[in-house]
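Residues per chain are reported as follows:
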There are 2 protein chains.
Amino acid sequence: MGPLDAYLPYLLNRAGARIAAAFGDEVRPLGATLQMWRVLAALGERDGRRMGDLSETTSIEVSTLTRLVDGMERKGLVARRRDEADARAVALHVTPAGRRLTQRLIPIAERYETVALQGFDAREAEMLKVFLQRLFTNMDALKSPHRRRG
Amino acid sequence: MGPLDAYLPYLLNRAGARIAAAFGDEVRPLGATLQMWRVLAALGERDGRRMGDLSETTSIEVSTLTRLVDGMERKGLVARRRDEADARAVALHVTPAGRRLTQRLIPIAERYETVALQGFDAREAEMLKVFLQRLFTNMDALKSPHRRRG
DNA sequence: CTCAATTATTTGTAAATGCAAATAACTGAC
DNA sequence: GTCAGTTATTTGCATTTACAAATAATTGAG
């Protein structure tokens, strides 16, 4: 137990980094990364999302997302199409290969959930998730540099 | 509420990234970063730690830490000294300037704690921390690539 | 004492990241 | 219809990061 253990951001970051690293190691043999999984999961829920939408839901910065999607496109997992309604926007679509990969990733993600939450009962697991949601919302309120006008 | 909201690693990463970004924005004017704060906090607890020790307690990869410490040394916040007992190792010491900066960072870190935990009562806050500790421990058990022998 | 094996740190290098500038397309005022 | 202002995405670039190789020093076997 170090001194940092008292600080929430540290605890959060540390736990998050560990899970992310472990998950990443696990999916690398499939040619996937954690970030790819996020994109695929978001598109699995609703296909044809725009980059901005995807950036929002995955919490991946747009410029990072652009390059991530470049790679996924090269791998044939997704395809960019111009949005019909608004030609500024790009709609991202999963390909059959992307769908197959998604299907293989889902059980891995679920298994990780189990491993991470070992020793938690259902009520505790749910509480943790709710706490994290709340925490995110709290921080969202002051998303610093580009403050809401005022 | 997106589809990813059900997945713990995502919730964790998202909340962690938000706090980290906000904290980073806040301390940038002081010439500090989140990672520097971690190092200073660890050294504040016990000065003269070795790089490896620091890497362990801050969860910053050693090679990353080396370069981070390079920068902190240039800024005059810390000083490397050869460890007396073992000349392979480097002992890091905080300078007076580093101590002054630490003193200014502590209240910021505490304020962030408060902001992040707005709406949490003391019991909930404590629970969250314990959960995050447990989660980290769970993942630690399988720290994948360099598996424990067996 | 000497050498091989181990341990602590740093450096090389490639990939990921994020901000800001550039590009492309839409919108509304006129 | 044209143009200024806005919005969506990409690109440029500098920073951060991590893995692996290189360096430096210790330890124990002989």
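Fair warning: this is a prediction, and the values are worked out from it, not measured in the lab.

### A closer look at the overall build of chain A
And step 1. Of the regular secondary structure elements, chain A holds six helices and three strands.
And step 2. Of the regular secondary structure in chain A, the N- to C-terminal order runs α-α-β-α-α-β-β-α-α.
And step 3. C-alpha atoms of chain A, sized along the principal axes, occupy 50 × 50 × 25 Å.
And step 4. Per-residue burial over chain A gives 50% buried out of 150 residues.
And step 5. A separation threshold of at least 6 residues defines the contact pool for chain A, and within that pool the share at least 24 residues apart is 46%.
And step 6. When the accessible surface of chain A is split by element, carbon and sulfur atoms take 52% of a total near 7900 Å².
And step 7. In chain A, 25 positive and 19 negative side-chain charges are present, and the distance between their average locations comes to 4 Å.

### Regarding the protein's contact with DNA strand D
And step 1. Around DNA strand D sit 18 residues, and of these Gly 52, Arg 67 and Arg 80 of chain A together with Ser 63 and Thr 64 of chain B come closest.
And step 2. Atoms of DNA strand D within 4 Å of the protein: sugar and phosphate make up 61%, bases the balance.
And step 3. In the model, a base oxygen of DNA strand D is placed 2.5 Å from a nitrogen or oxygen of the Arg 67 of chain A side chain.
And step 4. Ala 87 of chain B has a polar backbone atom sitting 3.2 Å from a phosphate oxygen of DNA strand D.
And step 5. Those elements that place two or more of their residues in the surface near DNA strand D are helix H3 (51–58) and helix H4 (62–74) of chain A together with helix H4 (62–74) of chain B.
And step 6. Here the residues of the surface near DNA strand D sort into four nonpolar, six polar and eight charged.

### Overview of the side chain of Glu 113 of chain B
And step 1. For Glu 113 of chain B, the location among the structural elements is in helix H5 (residues 96–116).
And step 2. Polar contacts involving the side chain of Glu 113 of chain B include one to the main-chain amide nitrogen of Leu 8 of chain A, which spans 3.2 Å.

### What to know about helix H5 (residues 96–116) of chain A
And step 1. An ideal rise of 1.5 Å per residue puts 30 Å on 21 residues; H5 of chain A measures up with 30 Å between its terminal C-alpha atoms.
And step 2. Gly 98, Leu 101, Thr 102, Leu 105, Ile 108, Ala 109, Tyr 112, Glu 113, Val 115 and Ala 116 of chain A are the residues of H5 of chain A that are buried.
And step 3. Where H5 of chain A is buried, its residues contact helix H1 (8–27), helix H2 (34–45), strand S3 (90–94) and helix H6 (122–140) of chain A together with helix H1 (8–27) and helix H6 (122–140) of chain B.

### Focus: the relation of the copies chain A and chain B
And step 1. Under the fitted operation, chain A is carried onto chain B by 0.0 Å of movement along the axis and a turn of 180°, and the coordinates agree to an RMSD of 0.1 Å. Here the copies are linked by what is in effect a two-fold axis.
And step 2. Of the interface residues in chain A, 100% have counterparts in chain B that sit at the interface too, so the contact is made through matching surfaces.

### Concerning the interface of chain A and chain B
And step 1. With 57 residues of chain A in contact, the opposing surface of chain B contributes 57 residues.
And step 2. Here chain A meets chain B over a buried area of about 5700 Å², counting both sides, of which 67% is carbon and sulfur.
And step 3. When the buried area of chain A at its contact with chain B is split by residue, Tyr 7, Arg 18 and Met 139 of chain A rank highest and sum to 12% of it.
And step 4. Taken together, the connections running from chain A to chain B amount to two salt bridges.
And step 5. Joining chain A to chain B, the criterion identifies 16 residue pairs in polar contact (both at pLDDT 80 or more).
And step 6. When grouped by side-chain class, the residues that make up the side of chain A that touches chain B number 32 nonpolar, 10 polar and 15 charged.

### Side note on the protein's contact with DNA strand C
And step 1. Near DNA strand C there are 18 residues, and of these Ser 63 and Arg 67 of chain A together with Gly 52, Arg 67 and Arg 80 of chain B occur at the shortest range.
And step 2. Put simply, 62% of the atoms of DNA strand C that lie within 4 Å of the protein are in sugar or phosphate.
And step 3. Within the side chain of Gln 35 of chain A, one N or O atom sits 3.5 Å away from a phosphate oxygen of DNA strand C.
And step 4. When residues of the surface near DNA strand C are traced back to their parent elements, those giving at least two are H4 of chain A together with helix H3 (51–58) and H4 of chain B.
And step 5. In the surface near DNA strand C, the residues fall into four nonpolar, six polar and eight charged.

### Describing unusual backbone geometry
Residues and elements named next belong to chain A.
And step 1. For Ser 59, which is not a glycine, the phi torsion comes out positive at approximately 60°.
And step 2. Structurally, Ser 59 is set in the loop between H3 and H4.
And step 3. Overall, the relative accessible area of 36% leaves Ser 59 in the partly exposed class.

### So, the side chain of Thr 95 of chain A
Residues and elements named next belong to chain A.
And step 1. Residue position: Thr 95 is located in the loop between S3 and H5.
And step 2. We classify Thr 95 as buried; its relative accessible area is 16%.
And step 3. If sequence neighbours within four positions are ignored, Thr 95 has contacts with Gly 76, Leu 77, Val 78 and Ala 79.

Definitions and limits used
- Residues numbered from 1 in each chain as written.
- Chains lettered and ligands numbered in written order.
- Predicted model: local features only at pLDDT ≥ 70, side-chain atom pairs only at ≥ 80, totals over all residues.
- Heavy atoms only, no water.
- Helix = DSSP H or I, 4+ residues; strand = E, 2+ residues; numbered from the N terminus.
- Buried < 20%, exposed > 50% of the residue type's maximum accessible area, 1.4 Å probe, protein only.
- Contact = heavy atoms within 4.5 Å.
- Areas by Shrake-Rupley, 256 points an atom, 1.4 Å probe, with all protein chains shown as cover.
- Lys, Arg positive; Asp, Glu negative; His and termini not counted.
- Charge placed at Lys NZ, Arg CZ, Asp CG, Glu CD.
- Near = heavy atom within 4 Å.
- Polar contact = N/O pair within 3.5 Å; in protein donor to acceptor, adjacent residues only side chain to side chain.
- Nonpolar A, V, L, I, M, F, W, Y, C, P; charged D, E, K, R; others polar.
- Expected span 1.5 Å × (residues − 1).
- Least-squares fit on C-alpha atoms with pLDDT ≥ 70 in both.
- Buried area = accessible area lost by both parts, 1.4 Å probe.
- Salt bridge = Lys/Arg side-chain N within 4 Å of Asp/Glu carboxyl O.

What is shown is where atoms sit, not what they do.
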